[in-house]
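Notes for the structure review
Here's the letter readout for the chains.
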Amino acid sequence: MFNDIGALELVTIVVLAILIFGPDKLPKVIQDVSGMIRKLRSFSDSAKQDIRSELGPEFKDFEFEDLNPKTFIRKQLTENEDLKEIRSSFDLRKELNDVTDAVNSKDAAPAPAAPATPAAGTGPDLLKKPSAPAPEARTPFDADAT
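In this report, the structure presented in the accompanying data block is examined. (Residues numbered from 1 in each chain as written. Predicted model: local features only at pLDDT ≥ 70, side-chain atom pairs only at ≥ 80, totals over all residues. Heavy atoms only, no water.)

Turning next to the overall build of the chain. When helices and strands are tallied, the chain shows four helices and zero strands. Ordered by position in the sequence, the α and β elements of the chain form the string α-α-α-α. Of all 146 residues assigned to the chain, the portion counted as buried reaches 5%. Accessible surface for the chain amounts to roughly 13,900 Å². Of this, 62% is attributable to carbon and sulfur atoms. (Helix = DSSP H or I, 4+ residues; strand = E, 2+ residues; numbered from the N terminus. Buried < 20%, exposed > 50% of the residue type's maximum accessible area, 1.4 Å probe, protein only. Areas by Shrake-Rupley, 256 points an atom, 1.4 Å probe, with all protein chains shown as cover.)

Here you go:
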């Protein structure tokens, strides 16, 4: 519950409690707070038991911690047999190494050279830099439109 409270924070809380309640009332306040925490825990436990008994036997393994989305997803990923099988069959490192080897392959044959003139009906050669259009074919530049 208080996992992230350090020593300095704890000392500060104790000093503030002594200043606010005084040394004579502090033990009574601590008793009251601890009793209230015990009552809240027992109320919470009885509410959980009531909910479990009302849900029936099909929810006997239901845990309230599973309602946390992170816990629910983690449980589903670790307990699902299909996902375990998929995860064991898929090795990301092997796949990445295969792709890297294919890209960096030295013994791969070079790509065939593109023909100098495109064949009839195949369209323009996209590898060849297009020549500049004739001055009358250029679209006029309108500085106000930009």
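This part is about the pattern of salt bridges. Going through the model one piece at a time under the given rule, you end up with two salt bridges. Here Lys28 ties to Asp32 by a salt bridge, and the two come within 3.3 Å at their closest N and O atoms. A residue pair is termed a helical-turn pair when its members lie 3 or 4 positions apart in one helix, as Lys28 and Asp32 do in helix α1 (residues 7-55) at four residues. When its relative accessible area of 43% is taken as the criterion, Asp32 is described as partly exposed. Two residues, Asp98 and Lys94, come together in a salt bridge whose shortest N-O distance is 3.6 Å. Here Asp98 and its partner Lys94 are both found in helix α4 (residues 92-103), four residues apart, which amounts to about one turn of the helix. Judged by its relative accessible area of 48%, Lys94 is partly exposed. (Salt bridge = Lys/Arg side-chain N within 4 Å of Asp/Glu carboxyl O.)

The grouping of Val11, Val15, Leu16, Leu19, Ile20 and Phe21 at the surface amounts to a nonpolar patch, some 600 Å² of accessible area in total. Residue placement: Leu19 occurs in helix α1. (Patch = residues over 30% accessible without salt bridge, like charges linked within 9 Å, V, L, I, M, F, W, Y side chains within 5 Å.)

Attention shifts here to the environment of Val14. Its place among the elements puts Val14 in helix α1. Residue class for Val14 comes out partly exposed when judged on its relative accessible area of 42%. Put simply, Val14 and Leu26 are 12 residues apart on the chain and 9.9 Å apart in space, counted from C-alpha to C-alpha.

An ideal rise of 1.5 Å per residue puts 72 Å on 49 residues; α1 reaches only 44 Å between its terminal C-alpha atoms. At Lys25, α1 shows its maximal kink, close to 100°; a proline, Pro27, follows between one and four residues later. Within the sequence span of α1, burial applies to Ala17, Gly22, Leu26 and Gly35. One or two steps after α1, the chain reaches Gly56, where phi turns positive at roughly 100°. (Expected span 1.5 Å × (residues − 1). Bend = angle between axes of the 7 residues up to and from the residue.)

Honestly, it's all geometry; don't read function into it.
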